Amino acid sequence: MKGFFITGTDTEVGKTYVTCALLRDLRRRGYAAVGYKAMACGDRGDARAMLAATDPTLPVEVINPIYLRAATAPYVAAMLENRTLTLDELVRGYEAASALGSPVLAEGAGGWEVPIAPGVTMADFAAALQLPVILVVGNKLGAVNHALMTVQGIRARGLECRGIVLNHMGESWDTAAVTNRRLIEEFTGLPVAAELIHGQEEIDSAAVLGL
């Protein structure tokens, strides 16, 4: 298995949190799993977390080859630095990470259609990699709509949504948090492979990835 593309229903829904949990569990099970965050905007905190979950002796540039200082969409952050990102360089970074181990968990930035460059979005990057997709859903009001639209977008690109992870980002539960899982499963036709309560650091990578 080459790897998986990790996307989310929005920014700040726990993509890196879930990716790191998957990396730790895969490596515990004997897989030489590698994290790959092609673009980091604002700071490298997420990339360093993925590095720690992969192999802290590696240079952070292997995990995160593109660092942009502005905390905004990659397209805008790159434009502010007078550069234009290309799919070729993002794919080359993935291939470099692949040389270190397998599977590679390639995490996107923001949501499914976040702009990367003129006429290019995160979905184009995922399509270029041709990997099964893991969708991280922040369990809050509005999650069902965002999840359904993202799954539709994944399928429209001819990609497989391999697993859905429902992430509780707070300790309190409201009606939406209690009912979102059932509705997401009903309307996508996909099971929620894992549901993380707030603060849970362990995940069953076999259930999510099928490995």
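Residues numbered from 1 in each chain as written. Predicted model: local features only at pLDDT ≥ 70, side-chain atom pairs only at ≥ 80, totals over all residues. Heavy atoms only, no water.

Colleague: Could you give an account of the nonpolar core, naming the residues involved and the relevant values?
Modeller: Membership of the largest hydrophobic core comes to 69 residues, with the highest contact counts inside it found for Phe5, Met39, Ile116, Phe125, Ile164 and Ile203. Leave out the neighbours within four places in its chain, and Phe5 touches Ala106, Gly108, Trp112, Met122, Phe125, Ala126, Leu129, Leu131, Pro132, Val133 and Ile134. (Core = buried A, V, L, I, M, F, W, Y, C linked by side-chain atoms within 4.5 Å. Buried < 20%, exposed > 50% of the residue type's maximum accessible area, 1.4 Å probe, protein only. Contact = heavy atoms within 4.5 Å.)

Colleague: Describe the environment of Ala109, naming the residues involved and giving the relevant values.
Modeller: Structurally, Ala109 can be placed in strand S5 (residues 104-111). C-alpha of Ala109 to C-alpha of Cys41: the two residues are 68 residues apart in sequence and 8.4 Å apart in space. Beyond its immediate stretch of four places on either side in the chain, Ala109 contacts Lys15, Met39, Pro74, Val114 and Met122. (Helix = DSSP H or I, 4+ residues; strand = E, 2+ residues; numbered from the N terminus.)

Colleague: Got a sec to walk through the pattern of salt bridges? Specific residues and values, please.
Modeller: The tally for this structure, following the rule as stated, stands at eleven salt bridges. The residue Asp25 makes a salt bridge to Arg28 at a minimum N-O spacing of 2.7 Å. A residue pair is termed a helical-turn pair when its members lie 3 or 4 positions apart in one helix, as Asp25 and Arg28 do in helix H1 (residues 15-28) at three residues. Taking the relative accessible area as the measure of exposure, Arg28 reaches 61% and is therefore exposed. Here Lys37 ties to Glu107 by a salt bridge, and the two come within 3.0 Å at their closest N and O atoms. Of this pair, Lys37 sits in the loop between strand S2 (34-36) and strand S3 (39-41) while Glu107 sits in strand S5, and the two are 70 residues apart along the sequence. Looking at Glu107, the relative accessible area reads 2%, which means it is buried. Overlapping salt bridges bring together Glu113, Asp124 and Arg157 as one network. (Salt bridge = Lys/Arg side-chain N within 4 Å of Asp/Glu carboxyl O.)

Colleague: Which residues make up the pairing of strand S10 (residues 192-196), and what values do they have?
Modeller: Pairing between strand S9 (residues 161-167) and S10: four bridges, direction parallel. Looking at S10, one finds that Leu166 is bridged to Glu195. Note on the crossover from S9 through helix H8 (residues 175-188) to S10: the handedness is right-handed. (Pairing = 2+ DSSP bridges. Right-handed = clockwise from strand over helix to strand, strands pointing away.)

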